[in-house]
Amino acid sequence: MPPVGGDTLFANMYLAYEALSEGLRRVLDGLRAVNSSAKADVTKTREDRLAEGGAKLAADAALSAVHPVVRTHPETGRKGLYINIGHTVRFKNMTEAESAPLLNLLFEHQTKPEFTCRFNWRVGSLAFWDNRCTLHNPVNDYHGFRRVMHRVTLAGDRPH
């Protein structure tokens, strides 16, 4: 553990969605978004995992997928925002320029303090979160020190 810093911020996407106006929720419920690993050059985690598994990707290859903007959790039935500033590029069938104003509003909205908590890591800490309804943001504020963590990612389901 670094002597200071290295916390992780978590944001509840159920609460973020539920706090939106009814009109905006109706608009978002039908939208799909294009997500790309190319937007997250610093943390190409999916490419790293594929490479570790022996998969070969072209140097300029980016992984992309289209997901619903609002995801209904398969176990709880609750709706939550399912976009993030690190990967969501635009809305399907729209340009990046057309998508930017609404995406920027949503990116700012989903990380408001009332939807977030800060986890302060200590030796032996263990955290569980569900990527289907939670954003996480590791705070990189421990320059010059290492933070060693072990992560387990479970196979998920297809967003719908």
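Use the structure listed above.
In short, a report on the structure. Owing to the predicted nature of the structure, the values given are computational and were not obtained by experimental measurement.

## Remarks on the sheet that holds strand 3 (residues 64-68)
With antiparallel pairing, the 3 strands of this open sheet are ordered in space as 3-2-6. Looking along the sheet, the strands with just one partner apiece sit at the ends: strand 3 and strand 6 (88-91). Adjacent strand axes in the sheet meet at a mean angle of 30 degrees when their direction is disregarded. Examined bridge by bridge, strand 2 (residues 32-36) and strand 3 share 5 bridges and lie antiparallel to one another. Bridging across to strand 3, N35 finds its partner in A65.

## A look at the pattern of salt bridges
Applying the stated criterion across every chain yields a total of 9 salt bridges. Here R118 and D7 are joined by a salt bridge, their closest N and O atoms 2.7 Å apart. You can see R118 sitting in strand 7 (residues 116-119) and its partner D7 sitting in the segment before strand 1 (8-12), a full 111 residues away along the chain. According to the relative accessible area criterion, D7 is buried, its value standing at 8%. D130 is paired through a salt bridge with R132; the nearest N and O atoms lie 2.9 Å apart. The exposure class of D130 is partly exposed, given its relative accessible area of 23%. One salt-bridge network, held together by shared partners, links R71, E75, D130, R132 and D157.

## Topic: helix 4 (residues 96-110)
Its 15 residues give helix 4 an end-to-end C-alpha distance of 19 Å, which sits within 8% of 21 Å, the value for a rise of 1.5 Å per residue. Helix geometry: helix 4 is bent most strongly at L102, by close to 35 degrees. Taken together, the buried positions of helix 4 are occupied by S99, L103, L106, F107, H109 and Q110.

Thresholds, definitions, all that
Sequence order as written defines the numbering, with residues in each chain counted from 1. Thresholds applied to this predicted model are a pLDDT of at least 70 for local features of residues and 80 or more for the giving and counting of side-chain atom pairs; totals over whole chains, interfaces and linings are not thresholded and use all residues. The side-chain quantities take in all heavy atoms of the structure and omit both hydrogens and water. Pairing between two strands requires that DSSP report at least two bridges joining them. Per the convention used, a helix needs a DSSP run of H or I reaching at least four residues, while a strand needs a run of E reaching at least two, with both numbered from the N terminus. Note on geometry: axes are C-alpha line fits, over the in-contact stretch for helices, and angles between N-to-C directions span 0 to 180 degrees. Basic side-chain nitrogens of Lys or Arg form a salt bridge, by our definition, when they fall within 4 Å of a carboxyl oxygen of Asp or Glu. Only protein chains enter the area calculation, which uses a 1.4 Å probe; residues under 20% of their type maximum are buried, those over 50% are exposed, and those in between are partly exposed. To estimate how far a helix should extend, the number of its residues minus one is multiplied by 1.5 Å. Two axes are fitted around each residue, one to the seven residues ending there and one to the seven starting there, and the angle between them is reported as the bend at that residue.

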